[in-house]
Amino acid sequence: MQNLGLEVLFKGKNMIRLLGGLWVALKISLISVAISIPLGILLGAMMTWKNPIVKAILRIYLEFIRIMPQMVLLFVFYFETTKAFGWDLSGETASIIVFILWGAAEMSDLVRGAFESIPKHQYESAEALGFTRAQTLTYIIIPQTLRRLLPLSINLITRMIKTTSLVLMIGVVEVLKVAQQIIEANRMTSPNAAFGVYLTIFIMYFLACWPISMLARYLEKKWR
Amino acid sequence: MNWTAIADYLPLYEKAAVLTVKLGVLGIFFAIIIGLICAVIQYYHIPVLKTIAGFYIELSRNTPLLIQLFFIYYGLPKVGISISPSVCGVSGLAFLGGSYMAEAFRSGLEAIEPIQTESAYSLGMSRMQTMRYVILPQAFSISVPAFMANVIFLLKETSVFSAVSLMDLMFTAKDLIGLYYKTTECLFLLVVFYLIILLPVSLLGSLLERRLKYAKPGA
């Protein structure tokens, strides 16, 4: 059996450092999710307004954010706004802002889709039964929308966690960066460290995302 | 904005865009094949293979492409599997995309109610005929929106390729910024080129979606 470089993980504090790096990535995604979900719901509700100007502006903004690779958004935000406005932005703050903008755009699209998926006869039947507009929303439309929305927004969380691996590229010290440092430091003693360490990160990300997507799938099945 | 610089950089970006599209299309092609195989395995509930496909789908859906590429490119050579950056990029994209495509196809197949199959059988159609004339046409139109969303998603994901030293758009932009410090121009070109690649695909997607809405049974 070839040396898989797994022994590096048990040297010193390496495993703790890797977990710390993963926590940085998770923290960025959790903060962004916590802010972008309410923001996305707000934007999604605004998309249902009839005002054509608001709608057009929102639409262009959201489509632009959604069509650009997240890496490009990170670069544009990190390098360009710091240059244009002269502020000093840490990589972590920049990535949180970008993920909020992106997450809100994705979320608003999910909200819009969920609202549009409610058939028209639901509104009409409610009206025929004498519900007021507010009652129709609270008792009929919103509960159904939530059921469709919740699994999708939980999925958005895993997408967010997966995307945070990109923050390495704007110099945030997260799990991949820590891995590179560990591999560099142990180059002489265990030249095969890259295999073991990257495999570990692969499994770590899987263990972070898998339970969340299982929950989403469970809810989707239960509430279909 | 320095337009002469932009004119200077343009050929470099063009080359990078061609590479991005080429690798993206190849990766998506293999992803579709993997996706079709997995979807068929899951639809017919083939034992053993079904478990393997399910495991693969979970594994690839719950890990980021960047980590997959790092593992393939830097990890695998340590156990004797050494591949070139472009093969690594394509296989990473296919590994990631296969599961997304499988989910898209499977949801299309599963949306066809059993009554359709049963009716086809009672009309005397064979298994193959049912698949070819009844199930596939309907499943296709149902899975098109998810399929197009996956294509866009995978094209976007190619931006990660720069991490394994492929000279794609992202790499070119980073490289030029490092060399000349013309950040604004480089990033502007980067955004423009990604729009050129992704906008037509996105428009095609929404066009197809609108056209196929009427093909849904009972709509």
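### Some details on the overall build of chain A
Okay, step 1: The helix and strand inventory of chain A stands at eight helices and zero strands.
Okay, step 2: Taken from N to C terminus, the helices and strands of chain A fall in the order α-α-α-α-α-α-α-α.
Okay, step 3: Within the span of chain A, comprising 224 residues, buried residues form 37% of the whole.
Okay, step 4: If you take every contact in chain A between residues at least 6 apart in sequence, the share linking residues at least 24 apart comes to 80%.

### Some words on the overall build of chain B
Okay, step 1: For chain B, the count of helices and strands is eight helices and zero strands.
Okay, step 2: In chain B, the order of α-helices and β-strands from amino to carboxyl end is α-α-α-α-α-α-α-α.
Okay, step 3: When its C-alpha atoms are laid out on the principal axes, chain B stretches across 70 × 45 × 20 Å.
Okay, step 4: The contacts in chain B between residues at least 6 apart in sequence include a share of 81% that link residues at least 24 apart.

### Concerning the packing of helix H5 (residues 114-122) of chain B against helix H6 (residues 127-157) of chain B
The angle between the axes and the distance between the axes are what describe a pair of packed helices.
All names here are of chain B.
Okay, step 1: At their nearest, the axes of H5 and H6 sit 10 Å apart, and the two run at 135 degrees to each other. For the element pair H5 / H6, the angle class is oblique. In terms of crossing hand, the pair formed by H5 and H6 is right-handed. Residues Gln116, Thr117, Ala120 and Tyr121 of H5 form the contact with H6, whose own contacting residues are Thr130, Val134 and Ile135.
Okay, step 2: Residues that form the contact of H5 with H6 fall into these classes: four nonpolar, three polar and no charged.

### Digging into the interface of chain B and chain A
Okay, step 1: Between chain B and chain A, the contact holds 28 residues from the first and 31 residues from the second.
Okay, step 2: Looking at the side of chain B that touches chain A, the elements with two or more residues in it are helix H2 (49-61), helix H3 (65-75), helix H7 (169-180) and helix H8 (183-212) of chain B.
Okay, step 3: Looking at the side of chain B that touches chain A element by element, the count peaks at nine residues for H8 of chain B.
Okay, step 4: Classifying every residue of the side of chain B that touches chain A gives 17 nonpolar, seven polar and four charged.

### As for the confidence of the model for chain A
Okay, step 1: For chain A, the mean per-residue pLDDT works out to 87, and 98% of the residues sit at or above 70.
Okay, step 2: Mean pLDDT across the elements of chain A bottoms out in helix H7 (residues 175-185) of chain A (86) and peaks in helix H4 (residues 91-116) of chain A (90).

### What about the nonpolar core?
Okay, step 1: Among the nonpolar cores identified, the biggest contains 109 residues, and Ala179, Val197, Tyr198 and Ile201 of chain A together with Leu69, Phe70 and Leu190 of chain B are the most heavily contacted of them.
Okay, step 2: If near-sequence neighbours (up to four positions away) are discounted, Leu69 of chain B is found in contact with Cys88, Gly92, Val160, Ala163 and Val164 of chain B.

### Some details on the environment of Ile67 of chain B
Okay, step 1: Within the fold, Ile67 of chain B resides in helix H3.
Okay, step 2: Taking C-alpha positions, Ile67 of chain B is 9.9 Å from Val160 of chain B, a pair spaced 93 residues apart along the chain.

### Details of the packing of H7 of chain A against helix H8 (residues 193-222) of chain A
Residue and element names in this part refer to chain A.
Okay, step 1: Interhelical geometry of H7 versus H8 gives an angle of 160 degrees and a closest axis separation of 10 Å. When the interaxial angle is binned, H7 and H8 end up roughly antiparallel. You can see that H7 and H8 cross each other, and the crossing is right-handed. Between H7, through Val175, Leu176, Ala179, Ile182 and Ile183, and H8, the contact on the second element is made entirely by Ala193, Ala194, Val197, Tyr198, Ile201 and Met204.
Okay, step 2: A per-class count over the contact of H7 with H8 returns 11 nonpolar, no polar and no charged.

### Some thoughts on the environment of Lys27 of chain A
Okay, step 1: Mapped onto the fold, Lys27 of chain A is located in helix H1 (residues 14-47).
Okay, step 2: When the C-alpha atoms of Lys27 of chain A and Ser213 of chain A are compared, they prove to be 18 Å apart, with 186 residues separating the residues in sequence.

### Topic: unusual backbone geometry
All names here are of chain B.
Okay, step 1: Positive phi, close to 50 degrees, is recorded for His45, a residue that is not glycine.
Okay, step 2: Positionally, His45 belongs in the loop between helix H1 (3-43) and H2.
Okay, step 3: Notably, Tyr181 is not glycine yet its phi reads approximately 60 degrees, a positive angle.
Okay, step 4: Inspection of the secondary structure assignment puts Tyr181 in the loop between H7 and H8.

### Observations regarding the confidence of the model for chain B
In low-pLDDT segments, the atomic positions of the prediction should not be examined closely.
All names here are of chain B.
Okay, step 1: For chain B, the mean per-residue pLDDT works out to 89, and 97% of the residues sit at or above 70.
Okay, step 2: At the low end of the mean pLDDT range in chain B sits H7, at 88; at the high end sits H2, at 93.
Okay, step 3: Reported confidence for the predicted complex is 0.86 by ipTM and 0.88 by pTM.

### Some thoughts on the environment of Ile183 of chain A
Residues and elements named next belong to chain A.
Okay, step 1: Secondary-structure assignment places Ile183 in helix H7.
Okay, step 2: Owing to 22 C-beta atoms within 10 Å, Ile183 belongs among the buried residues under this scheme.
Okay, step 3: Excluding residues that lie within four positions of it along the chain, Ile183 makes contacts with Ala193, Ala194 and Val197.

Calculation notes
Residues numbered from 1 in each chain as written. Chains lettered and ligands numbered in written order. Predicted model: local features only at pLDDT ≥ 70, side-chain atom pairs only at ≥ 80, totals over all residues. Helix = DSSP H or I, 4+ residues; strand = E, 2+ residues; numbered from the N terminus. Buried ≥ 20, exposed ≤ 12 C-beta atoms within 10 Å, placed from the backbone. Contact = placed C-beta atoms within 7 Å. Axes fitted to C-alpha atoms, helices over the stretch in contact; angles between N-to-C directions. Parallel < 35°, antiparallel > 145°, perpendicular 65-115°, else oblique. Left-handed = near helix turned anticlockwise from the far one by under 90°. Nonpolar A, V, L, I, M, F, W, Y, C, P; charged D, E, K, R; others polar. pLDDT = per-residue confidence, 0-100. Core = buried A, V, L, I, M, F, W, Y, C linked by C-beta atoms within 7 Å.

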